[in-house]
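# Inside the fold
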Amino acid sequence: MSATKKIRVLVVDDSAVVRRMISDALSRDPEIEVVGTACDPYVARDMILELEPDVLTLDIEMPRMDGLTFLKILQEHRPMPVVIVSSLTQAGSKIALQALELGAVDVIAKQSSAWNIGSLREHLAHRVKGAARACLSQFTPSSQAGATTESSAGIHFSPRQLLVMGASTGGTEAGKNVMTRLPADMPGICIVQHIPRVFSKTFAERLNDCCALEVREAVHGDEVRPGTALIAPGDYHMAVEWDVNTYRVKLRRDPPIHFTRPAVDMLFNSAAQCAGRNVVGVLLTGMGRDGAQGMQQLKSAGAVNLAQNEATCVVYGMPRAAVELGVVDRVLPLDQMPPAILQALRERAPKSTEGILQPK
């Protein structure tokens, strides 16, 4: 977006209270202009044609036409960045993730029909500004049927090896594209995706359904076992530490970092401290700088760092920040990330099993 041009937002929600609260919150940001509000998709359709907004905030449950159906039609005929505002329920989270698969760029949880936005005001504006920077031409929904799992034949992984991955805007689909191609015998994996609480559990379940690996939402004290990927729960930072002969995750409620909790930096910093050169760090699409400082720590500790390239990112923010720090070993298109991960692990795998449990 131009430095002088405000981001034009259309708010779509059947609740007048929610429309007013979202509008008031966004209007406080000098870079955002709320150009209109709509009570249902039919009204929104006409307002989109008239007002040409840059970003749409969209509720899921609405009269006359639900948000998911409207999103499908919109992205087929008039693609634009959409931020889903969905109820903080298990059912709402499943539908919201379907929306991300259909091309919505972000999801925000609303806690009730009379949402008191309160402290989320700055957070909401941050997400809308991130959506405005999204490159929708790079949105490529993952397909389990078309995914080919990479082979790990000939690699003898060490229990000390660890894969850590971070993503934000566009990351649910980018992460799925990577994870569905990784083999079942991978070293332990820890993932931070910027996503609200409750939604993270549904995200993990969806990945588990289509990956060779076991994928689940992390709980405090979880062992990071080979063949398992742990997703940080929404609203909890996730760190990792070496405990006698295995890695374990620690969930923390420290203040948000880069407007978010969980934060990629928290995971990457902890991995640098306890795993050093045994780590492969991966940074995928997302707005902002989260993960860049953590990758700097990983690089200093001897880890291998991989980042998604600009051409395939929905938002080239987090990877760009790490690249600009000079701490990324390889910058790759998304489809080349899975083999690159295995290659990095192969290069650091022990030549024999002797000494594989020794400290870094």
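Please refer to the structure placed before this passage.
Residues numbered from 1 in each chain as written. Predicted model: local features only at pLDDT ≥ 70, side-chain atom pairs only at ≥ 80, totals over all residues. Heavy atoms only, no water.

## Re the sheet that holds strand β7 (residues 188–193)
Hydrogen bonds between backbone groups are what pair the strands of a sheet, and the pairing can be parallel or antiparallel. Spelled out, the test is: Strand pairing is assigned whenever DSSP identifies at least 2 bridges connecting the two strands. To qualify as a helix, a DSSP run of H or I must reach at least 4 residues; to qualify as a strand, a run of E must reach at least 2; elements of each kind are numbered from the N terminus. Throughout, an axis means a line fitted to C-alpha atoms (over the contacting stretch in the case of helices), and angles, computed between N-to-C directions, take values from 0 to 180 degrees. Throughout, a contact is declared for two residues whenever any of their heavy atoms are within 4.5 Å.
Overall, parallel pairing links the 7 strands, which are arranged β8-β9-β7-β6-β12-β13-β14 in an open sheet. Single-partner strands in this sheet number two, and they are β8 (214–217) and β14 (330–332). Each adjacent strand pair in this sheet contributes to an overall mean axis angle of 20 degrees, direction not counted. With 3 bridges connecting them, strand β13 (residues 304–308) and β14 associate as parallel partners. Looking at the pairing, leucine 306 lines up with arginine 330 of β14. Across the sheet, helix α6 (residues 171–179) lies against β6 (162–167), β7, β8, β9 (228–231) and β13, angled at about 165 degrees from β7, the strand it touches most. Helix α9 (residues 292–300) contacts β6, β12 (279–283) and β13 of the sheet and is inclined by roughly 155 degrees relative to β12.

## Quick look at helix α8 (residues 264–275)
What counts is decided by this rule: Helix span, as expected, comes to 1.5 Å for every residue beyond the first. Only protein chains enter the accessibility calculation, which uses a 1.4 Å probe; a residue is then buried when its area is under 20% of its type maximum, exposed when over 50%, and partly exposed in between.
With 12 residues, α8 extends 16 Å between its outermost C-alpha atoms, agreeing within 8% with the 16 Å of an ideal straight helix rising 1.5 Å per residue. Within α8, 11 of the 12 residues are buried, which leaves the element mostly enclosed by the surrounding structure. Those residues of α8 that sit buried are Val264, Asp265, Met266, Leu267, Phe268, Asn269, Ser270, Ala271, Ala272, Cys274 and Ala275. Glycine 276 lies just past α8 and shows a positive phi near 55 degrees.

## A short note on the sheet that holds strand β5 (residues 106–110)
Across the sheet, 5 strands lie side by side as β2-β1-β3-β4-β5; this open sheet has parallel pairing. Strands with a single pairing partner mark the edges of an open sheet, and in this sheet they are β2 (32–38) and β5. Across the sheet, the mean angle from the axis of one strand to that of its neighbour is 25 degrees, orientation sign disregarded. As paired strands, strand β1 (residues 7–12) and strand β3 (residues 55–59) are joined by 4 bridges and run parallel to one another. Within β3, the residue paired with leucine 10 across the bridge is leucine 56. Sheet contacts for helix α1 (residues 16–27): β1, β2, β3, β4 (82–87) and β5; angle to β2, the most-contacted strand, approximately 170 degrees.

## Digging into the packing of aromatic side chains
Put simply, the test is: Aromatic pairs are defined between Phe, Tyr and Trp rings, using the six-membered ring for Trp, whenever the two ring centres lie within 6.5 Å; interplanar angles under 30 degrees are classed as stacked, those over 60 as edge-to-face, and all others as tilted. Two limits define a charge over a ring: the Lys NZ or Arg CZ must be within 6 Å of the ring centre, and within 35 degrees of the ring normal.
One pass over the full model with this rule turns up 1 aromatic pair. On the numbers, 4.7 Å between centres and 70 degrees between planes, the contact of tryptophan 242 with tyrosine 247 is edge-to-face. By relative accessible area, tyrosine 247 is classed as buried at 2%. Over the ring of tryptophan 242 we find arginine 160; its NZ or CZ atom is 4.0 Å from the centre of that ring. We note arginine 253 situated over the ring of tyrosine 236; from NZ or CZ to the ring centre the distance is 5.0 Å.

## A short note on helix α7 (residues 199–210)
A rise of 1.5 Å per residue sets the reference length of α7, with its 12 residues, at 16 Å; its end C-alpha atoms lie 17 Å apart and thus fit the reference within 8%. What α7 keeps buried is the set Phe199, Ser200, Thr202, Phe203, Ala204, Leu207 and Cys210.

## With respect to the packing of α8 against α9
For clarity, the threshold we go by: Oblique is the label for any angle not under 35 degrees, not over 145, and not in the 65 to 115 range, which are roughly parallel, roughly antiparallel and roughly perpendicular in turn. Following the grouping adopted for this structure description, the nonpolar residues are Ala, Val, Leu, Ile, Met, Phe, Trp, Tyr, Cys and Pro, the charged ones are Asp, Glu, Lys and Arg, and the polar ones are all others, Gly among them.
Direction vectors running N to C along α8 and α9 enclose 10 degrees, while the axes themselves pass 8 Å from each other. It follows that α8 is roughly parallel to α9 by the angle criterion. Listed contacts from α9 to Asp265, Phe268, Asn269, Ala271 and Ala272 of α8 are Ala292, Gln293, Gly294, Met295, Gln297 and Leu298. Of the residues in the contact of α8 with α9, the class split is 6 nonpolar, 4 polar and 1 charged.

## As for the pairing of β5
Of all 5 residues in β5, 5 are buried, a share of seventy percent or more. Burial along β5 is two-sided: Asp106, Ile108 and Lys110 facing one way and Val107 and Ala109 facing the other are all buried. Here β4 runs beside β5; their pairing, made up of 5 bridges, is parallel. Residue pairing in the sheet places valine 83 in a bridge with aspartate 106 of β5.

## So, the pattern of salt bridges
Put simply, the test is: A carboxyl oxygen of Asp or Glu within 4 Å of a side-chain nitrogen of Lys or Arg is what we treat as a salt bridge.
For the structure on display, the rule yields 20 salt bridges. For arginine 248, the salt bridge is made with aspartate 243, and the minimal N-O distance between the two is 3.0 Å. Taking the relative accessible area as the measure of exposure, arginine 248 reaches 25% and is therefore partly exposed. Beyond isolated ion pairs, a larger network of salt bridges with shared partners links Glu214, Arg216, Asp222 and Arg225.

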